[in-house]
Amino acid sequence: MEALERAYIAAIVNAGAVPFVIPVLDPADAEAATSCLDGLLLTGGGDVDPAWYCRMPSPHLHEVDVWRDAWEFALIEAAVVRGIPMLGICRGCQILNVAFGGTLVQHLPEVTTLRHCDRQRAGKAVHSVAVEGGSLLRQIVGGDGLGVNSLHHQAVADVGKGLAVVGRAEDGTVEAVEGTGDIRAVGVQWHPELLTHESGHAELFQWLVTSASVGAPLV
Ligand code: MN
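Residues numbered from 1 in each chain as written. Predicted model: local features only at pLDDT ≥ 70, side-chain atom pairs only at ≥ 80, totals over all residues. Heavy atoms only, no water.

Asks: Sorry, what's going on with the coordination of the manganese ion here?
Replies: In an ideal octahedron of six donors the angles at the metal are 90 or 180 degrees, and in an ideal tetrahedron of four donors they are 109.5 degrees. Within the protein, His116 (ND1), His127 (NE2), Ser150 (OG), His152 (NE2) and Glu175 (OE) serve as the donor atoms for the manganese ion, at 2.2 to 2.3 Å. Read N to C, the donor residues that coordinate the manganese ion are spaced as H-x10-H-x22-S-x1-H-x22-E. Residue Ser150 is located in the loop between strand S5 (145-148) and strand S6 (155-156), and its partner Glu175 is located in strand S8 (residues 174-179); the two are separated by 25 residues in the primary sequence. In this structure, Ser150 and Glu175 share a single accessibility class: buried. (Donors = N, O, S within 2.8 Å, 3.2 Å for Na, K, Ca; no water. Helix = DSSP H or I, 4+ residues; strand = E, 2+ residues; numbered from the N terminus. Buried < 20%, exposed > 50% of the residue type's maximum accessible area, 1.4 Å probe, protein only.)

This is the structure we're talking about:
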């Protein structure tokens with residue numbers, strides 16, 4: 001079964017676009033799949049196989065799906081080639097980082113005491129994120145910080161080539177990355193689709209839709 005939380009769909013619709021949910025397919029079909037897209041939303045889900053970033057698997061991994069990993073790597077590559085913007089959410093932020101050669105913290109409770117997996121309060125801000133000055137993320141969210149929900153047990157460790165860390169939780173955990181140069185990508189570790197009632201979160205979907213409709217910036 002392929003399933004997607006309705007909140008992602010609602011967030012894209014509310015930002016003024018028509019979403020298409022893409023199933024996991026053969027990576028060879030990624031170019032064809034992206035040829036009819038103006039933007040790409042990488043959604044949440046299970047853990048990325050650590051073999052992709054050359055680490056032994058933690059015993060705390062769950063829902064590893066190498067076919068989904070491979071498919072999303074191919075989608076990201078095709079999106080970069082076509083110059084379409086990408087928004088990565090939770091797992092989407094992590095797969096984006098691994099796609100660009102980065103690594104992940106496989107189980108946050110081993111490295112921090114801040115609670116990053118709080119499913120009972122999925123629609124509430126449970127910790128803060130400090131947003132880097134001068135970043136695209138700061139322009140999008142309109143401030144130097146925001147409250148976020150937290151439904152993850154992994155996070156970006158070494159940042160991928162061509163990406164920059166632009167948001168951190170109060171314990172230093174990476175909560176947001178964005179593309180540098182001509183890589184049009186923003187990845188957030190929280191779930192903005194569940195926080196659209198709070199300021200700064202619906203704006204992430206608005207950024208994806210607005211930048212999708214304007215095409216690649218002229219340089
Ligand atoms: Mn968090």
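Next comes the rest of the description.
Asks: Hey, could you run me through the pattern of salt bridges in this one?
Replies: Between side chains of opposite charge, a pair can form as their charged atoms come close. Under the criterion given, the structure shown has 5 salt bridges. With a shortest N-O distance of 3.8 Å, Arg115 and Asp118 are connected by a salt bridge. A salt bridge links Arg121 to Asp118; the nearest nitrogen and oxygen atoms lie 2.8 Å apart. For Arg121, a relative accessible area of 40% corresponds to the partly exposed category. Judged by relative accessible area, which is 3%, Asp118 ranks as buried. It is possible to trace a salt-bridge network through shared partners that takes in Arg68, Asp69, Glu72 and Arg91. (Salt bridge = Lys/Arg side-chain N within 4 Å of Asp/Glu carboxyl O.)

Asks: Any chance you could explain empty space enclosed by the protein here in plain terms?
Replies: The rolling of a water-molecule-sized probe over the atoms marks out the regions of remaining empty space. Within this structure, the stated rule accounts for 1 cavity of 30 Å³ or more. Considering only enclosed or pocket space, the largest cavity measures out at about 40 Å³ in volume. Ala79, Val80, Gly83, Ile84, Met86, Asp182, Ile183 and Arg184 together form the lining of the largest cavity. Among the residues making up the lining of the largest cavity, the classes are represented as 5 nonpolar, 1 polar and 2 charged. (1 Å grid on protein atoms, 1.4 Å probe; cavity = no way out; pocket = protein on both sides within 12 Å on 5 of 7 lines; lining within 4 Å. Points joined across faces, edges and corners; volume = space filled by probe spheres on them. Nonpolar A, V, L, I, M, F, W, Y, C, P; charged D, E, K, R; others polar.)

Asks: I'm lost on a nonpolar patch on the surface in this one. Help?
Replies: On the surface, Trp52, Val64, Val66 and Trp67 cluster together into a nonpolar patch covering about 420 Å² of accessible area. Within the secondary structure layout, Trp67 lies in helix H3 (residues 66-82). Under the relative-accessibility criterion, Trp67 is labelled exposed at 64%. (Patch = residues over 30% accessible without salt bridge, like charges linked within 9 Å, V, L, I, M, F, W, Y side chains within 5 Å. Areas by Shrake-Rupley, 256 points an atom, 1.4 Å probe, with all protein chains shown as cover.)

Asks: Explanation requested: the pairing of strand S4 (residues 127-131) in the structure shown.
Replies: Successive residues of a regular strand alternate their side chains across the two faces of the sheet. The alternating pattern of S4 places His127, Val129 and Val131 on a buried face and Ser128 and Ala130 on a face that is not buried. Where S4 and S5 come together, 4 bridges link them in antiparallel fashion. Bridging from a neighbouring strand, Ser128 pairs with Gly147 of S5. As paired strands, S4 and strand S7 (residues 163-169) are joined by 3 bridges and run antiparallel to one another. Looking across to S7, one finds that Ala130 is bridged to Arg168. (Pairing = 2+ DSSP bridges.)

Asks: How do you make sense of helix H1 (residues 6-14) when you look at a structure like this?
Replies: The periodicity of an α-helix, 3.6 residues per turn, causes residues three or four positions apart to be oriented the same way. Within H1 the residues assigned to the buried category are Tyr8, Ile9, Ala11 and Ile12. For H1, the arc enclosing every buried residue in end-on projection is 160 degrees, short of the 170-degree limit, so these residues lie on one face. Opposite the packed face of H1, turned more than 90 degrees from it, sit the exposed residues Arg6 and Asn14. Residues of H1 that are buried make contact with strand S1 (40-42), strand S2 (86-89) and helix H6 (202-214). Backbone geometry just downstream of H1 places Gly16 in the positive-phi region, at approximately 100 degrees. (Arc of directions from axis to C-beta. Contact = heavy atoms within 4.5 Å.)

Asks: It is not clear to me how the packing of H3 against helix H4 (residues 91-99) should be interpreted in this structure. Could you clarify?
Replies: Geometry of a packed helix pair, given as the angle between the helix axes and the separation of the axes. It is at 10 Å that the axes of H3 and H4 come closest, and there the two elements cross at 70 degrees. The angle between the axes of H3 and H4 places the two elements in the roughly perpendicular class. Two secondary-structure elements touch here, H3 through Arg68, Asp69, Glu72, Phe73 and Ile76 and H4 through Arg91, Ile95, Leu96, Val98 and Ala99. Among the residues making up the contact of H3 with H4, the classes are represented as 6 nonpolar, no polar and 4 charged. (Axes fitted to C-alpha atoms, helices over the stretch in contact; angles between N-to-C directions. Parallel < 35°, antiparallel > 145°, perpendicular 65-115°, else oblique.)

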